[in-house]
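Secondary and tertiary structure notes
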Amino acid sequence: MAIDREPRLMGYADRWSTALGQRLTVHASGPAGDADVTLVDLVRERDLTAPVPAPIEPRPLRLGSRLEAVAVPTPPRGGLALWIRPKRLGPRQVVARLGASGWRLLLTLDEAGRPEAAVVTPSGSMGCRLRSAVPPGEWTLLAVAWETTPLMTVLHLTDFRAPGVSSGRGRLPVPSPTGDLVVGAGDEHPYAGRIALPMVTTSLLATSEHTLLRDLTTGPDLVKHLGSDLLALWDPSGDPGAPVVPDVSGNGHHAGAVNRPLAGLIGPGGVARTALQVSPEDLDDARWPATCELTVPEDCGSTVLGVRLRAAGQSCVVPVIAGPGGARGSRVAVVLPTFTYLAYANHRQSSEAEYFGDYTRVTDRGITLSPVDVYLNEHRELGLSLYDQRREGGHVTHSSRLRPVLNLDPGYRWWMTGAPRHFAADLLLLRWLRSEGFDFDVLADEDVHEGGAALLAGYRVVLTGSHPEYVTAPGRAAFSAYVSGGGRLMYLGGNGFYWVTGVDPRHPHAIEVRRGHVGDWWDDEPGEDVLTSTGEPGGLWRHRGLAPQELLGVGFAAQGWGPAPGYTRLPDSYRDEASWVFEGVGTNPVGTCGLALGGAAGDEIDRAAPELGTPPGTLLLATSAGAHSHHYRPPTEEAGPGAETVRADMTLRRLGNGGAVFAAGSINWVTSLACCDGDIRRITRNVLSRFLLSRSS
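What comes next concerns the included structure.

Quick notes on the rules
- Residues numbered from 1 in each chain as written.
- Predicted model: local features only at pLDDT ≥ 70, side-chain atom pairs only at ≥ 80, totals over all residues.
- Heavy atoms only, no water.
- Helix = DSSP H or I, 4+ residues; strand = E, 2+ residues; numbered from the N terminus.
- Rg over C-alpha atoms; globule rule 2.2 N^0.38 Å.
- Buried < 20%, exposed > 50% of the residue type's maximum accessible area, 1.4 Å probe, protein only.
- Contact = heavy atoms within 4.5 Å.
- Areas by Shrake-Rupley, 256 points an atom, 1.4 Å probe, with all protein chains shown as cover.
- Lys, Arg positive; Asp, Glu negative; His and termini not counted.
- Charge placed at Lys NZ, Arg CZ, Asp CG, Glu CD.
- Pairing = 2+ DSSP bridges.
- Axes fitted to C-alpha atoms, helices over the stretch in contact; angles between N-to-C directions.
- Phe/Tyr/Trp six-rings, centres within 6.5 Å; stacked < 30°, edge-to-face > 60°.
- Arc of directions from axis to C-beta.
- Expected span 1.5 Å × (residues − 1).

A separate point is the overall build of the protein chain. Of the regular secondary structure elements, the protein chain holds 10 helices and 39 strands. Over its C-alpha atoms the protein chain spans a radius of gyration of 28 Å, differing by no more than 12% from the 26 Å that the globule rule assigns to 697 residues. Counting only C-alpha atoms, the protein chain reaches 95 × 60 × 45 Å along its principal axes. Every one of the 697 residues in the protein chain was classed for burial, and the buried ones make up 62%. Summarising the internal contacts of the protein chain: among those between residues at least 6 apart in sequence, 73% fall at separations of at least 24. Total accessible area on the protein chain stands at roughly 24300 Å², and carbon and sulfur atoms take up 51% of it. Charged side chains in the protein chain number 64 positive and 76 negative. The centres of these two groups are separated by 1 Å.

A few words now on the sheet that holds strand 37 (residues 619-623). Pairing in this open sheet of 8 strands is mixed, and the strands run 28-26-29-31-39-38-37-35 from one edge to the other. Every interior strand has two partners, whereas the edge strands, strand 28 (441-444) and strand 35 (568-569), have only one. Across the sheet, helix 6 (residues 445-457) is in contact with strand 26 (332-336), strand 28 and strand 29 (461-464); its angle to strand 28 comes to roughly 120 degrees. Sheet contacts for helix 10 (residues 679-691): strand 26, strand 29, strand 31 (488-491), strand 38 (649-654) and strand 39 (660-663); angle to strand 31, the most-contacted strand, approximately 165 degrees.

What follows deals with the environment of Leu283. Mapped onto the elements, Leu283 comes out in the loop between strand 22 (275-278) and strand 23 (292-295). By relative accessible area, which is 10% here, Leu283 ends up buried. Look past the residues within four positions of Leu283 in its chain and what remains in contact with it is Leu61, Arg62, Leu63, Asn259, Glu381, Leu382, Gly383, Ser400 and Arg403.

Before going further, it helps to examine the packing of aromatic side chains. Within the structure shown, the criterion is met by 14 aromatic pairs. Seen in terms of ring centroids, Tyr12 and Trp288 are 5.6 Å apart; in terms of plane orientation they differ by 40 degrees. Their pairing is tilted. Pair noted here: Tyr12 is in strand 1 (residues 10-13) and Trp288 is in the loop between strand 22 and strand 23, with a separation of 276 residues, a long-range link. Given a relative accessible area of 4%, Trp288 falls into the buried group. Considering the side-chain rings of Phe479 and Phe497, the 5.2 Å spacing of their centres and the 85 degrees angle between planes classify their relative orientation as edge-to-face. Of the two residues, Phe479 sits in helix 7 (residues 473-484) while Phe497 sits in the loop between strand 31 and strand 32 (499-501), which places them 18 residues apart along the sequence. Per residue, the accessibility class of Phe479 equals that of Phe497, and both read buried.

With that settled, the discussion passes to helix 3 (residues 349-356). The complete set of buried residues in helix 3 reads Gln349, Ser351, Glu352 and Phe356. Taken down its axis, helix 3 places every buried residue within 155 degrees of arc, on the same side. Among the structural elements, helix 4 (371-378) and strand 34 (555-560) are those in contact with the buried residues of helix 3. Among the residues trailing helix 3, Gly357 stands out with phi positive, at a value near 70 degrees.

The next point concerns the side chain of Gln93. Along the chain, Gln93 turns up in strand 9 (residues 93-100). Apart from the residues lying within four places of it in its own chain, the contact partners of Gln93 are Arg88, Leu107, Thr108, Leu109, His189, Pro190, Tyr191 and Ala192.

Between its terminal C-alpha atoms helix 7 stretches 16 Å, which fits the 16 Å expected from 12 residues at 1.5 Å a residue. Taken together, the buried positions of helix 7 are Gly475, Arg476, Ala478, Phe479, Tyr482 and Val483. The buried side chains of helix 7 occupy one side of the element, clustering within an arc of 155 degrees when seen end-on. In the segment just after helix 7, Gly486 is the residue with positive phi, at about 105 degrees.

Attention now goes to the sheet that holds strand 19 (residues 244-245). To summarise the sheet geometry, strands pair through backbone hydrogen bonds and adopt either a parallel or an antiparallel arrangement. The sheet built from 8 strands is open, its strands ordered 12-11-10-9-16-7-20-19 with antiparallel pairing. With one partner strand each, in any of the chains shown, strand 12 (124-129) and strand 19 form the two edges of the open sheet. As paired strands, strand 19 and strand 20 (residues 255-258) are joined by 2 bridges and run antiparallel to one another. Paired with Val244 across the bridge in strand 20 is Gly256.

Turning our attention to unusual backbone geometry. A cis amide bond links Asn588 with the next residue in sequence, Pro589, at an omega value of 10 degrees. Examined against the element boundaries, Pro589 turns out to sit in the loop between strand 35 and strand 36 (603-607). Here the phi dihedral of Leu197 falls at roughly 50 degrees; this positive angle occurs in a residue that is not glycine. Summarising the element assignment, Leu197 is placed in strand 17 (residues 193-201). Of note, the phi angle at Arg260 is positive, near 50 degrees, even though the residue is not glycine. Topologically, Arg260 is positioned in the loop between strand 20 and strand 21 (262-265). Residue Arg260 is classed as buried on the basis of its relative accessible area, which comes to 6%.

Interpretation note: all reported values are geometric properties and have no functional meaning in isolation.
This is the structure in structure tokens:
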């Protein structure tokens, strides 16, 4: 990463959710010197500690997923081979490098995609190149072999797809007994594409007697064929997604999977899970050293904290959720959708511009970029969101919190609406609850994923944030068990419980999402939509037979960013069992003002659908049907039924055991709640107050 002339002040914490009394580590980068560090309560909007100085300096980010193995044997006579399937051709790409500083073997593709091999030493270099380019999108087995003596080095290179050997000779030093292997290498010229079954041998793999190798596409077959000639063979198929890719030769030269290459992919010969995909833009962990450590005060109560850093005229805030820990202090819990925050972490306007093309299809607003948005467009080294396209093509599957996330800021305003979204919007919800005198604990998706139903069971009411789109199987099960057990859920958002999400306990700082086959740029290749985190199918919960309607009463119906209407009351809202929701509300429609798009029923919106699982007896209180402009469009899976699906529905479901679910059905509900002293506030207050009463209420 190239450091700016004016290094930007930014940072991240070692966790997004912590408990009272715990230590918190902050990692920061910025102009060289001291930064003032203050712990603030973002809900109560007050400082909790006095500023303390902490030294900072500009920190680089080393991008790129790759395999790294240390102390790999580099005999005087040996070979390196692997299968590759490039995503693109063009600039020179270093596929692999082996050796130490005194003798290094490079396997590369030149600008035309022709394989090259070279030995580089302090005293000189030599190399060879094949005449034919490798085809992008197809598997090719490349092998390079070397023979070295004090008098001569001979290098052989072959492409087994079109057998033919290129050779080179030179007088160079012999290799060191061991060296490091990096596959997906090259800080300046990184390779982008798939790799499979890299191996190091004492055999001259590039010579004609090894043509059988192109038919051997599994680790066991290669081990059997090469026998004692095999020094190392890396095969991820036994445990895709693991942070260490095993050396299945039995020699113990295991490789680290740095920056989490995409795993669980089909390799050459159609063999499942043998392939990895490496990308120059992957970033799993910034690995910055610690800047400072802070202790979360025991007496601050459950809230959202911010670590505020100030230096050289700049300021940034790193948010951290302070949960209740073992001492639950409230009957109300607000679960912030931190997995959704991760999915949109560093979400770039430039990617959305590529996706939507002409914005007038989805909005009538002019698009204005904030300095943060401009910076994100220009600095992809901060890591991609799940909504960004890679430069070499292809979607993003993992998103990590161990890096600076610039749009996770209390003051961030989304460029599409000019209003708070995600964390900034949910913070407004918490501030409103506090202003109304409601006491609550704050939880994160991570907490529910780990704590399950037992974590939620002690709360009388649980509220969601504005966009709980990404949910894991344990998280979804916890909410379902909570409602079935008599809990009362207020779903105050839109497009919730939509994508199947995985968290690998070996990578607890990141989420994994496989989109499945939804007819979009996110599509996975056939057979590759299984989460390596959990082994379960990815895609939509709806396609797993668990549509959001089954739990929430409503599910994703449309998205758009034209003017947002309100909701018109329906006959169910006047029934005795529901009229209390609108007590004190004299307007109809409701929700006709708001910070985002001017109304409560906008952005991404949900509808009730008995055919998708909306439970019998669910009351349809209000709807925005017929009030949306052409800017609102159904998603792919909703396109079939027609335009009548474009609506936000407000629903109420009462269970016989005292449980209940209220659904707002719109991302914009919270931003209307925050700005308009009127009907949306009154409805939310009525529902929460009633839900807090005894189970029989």
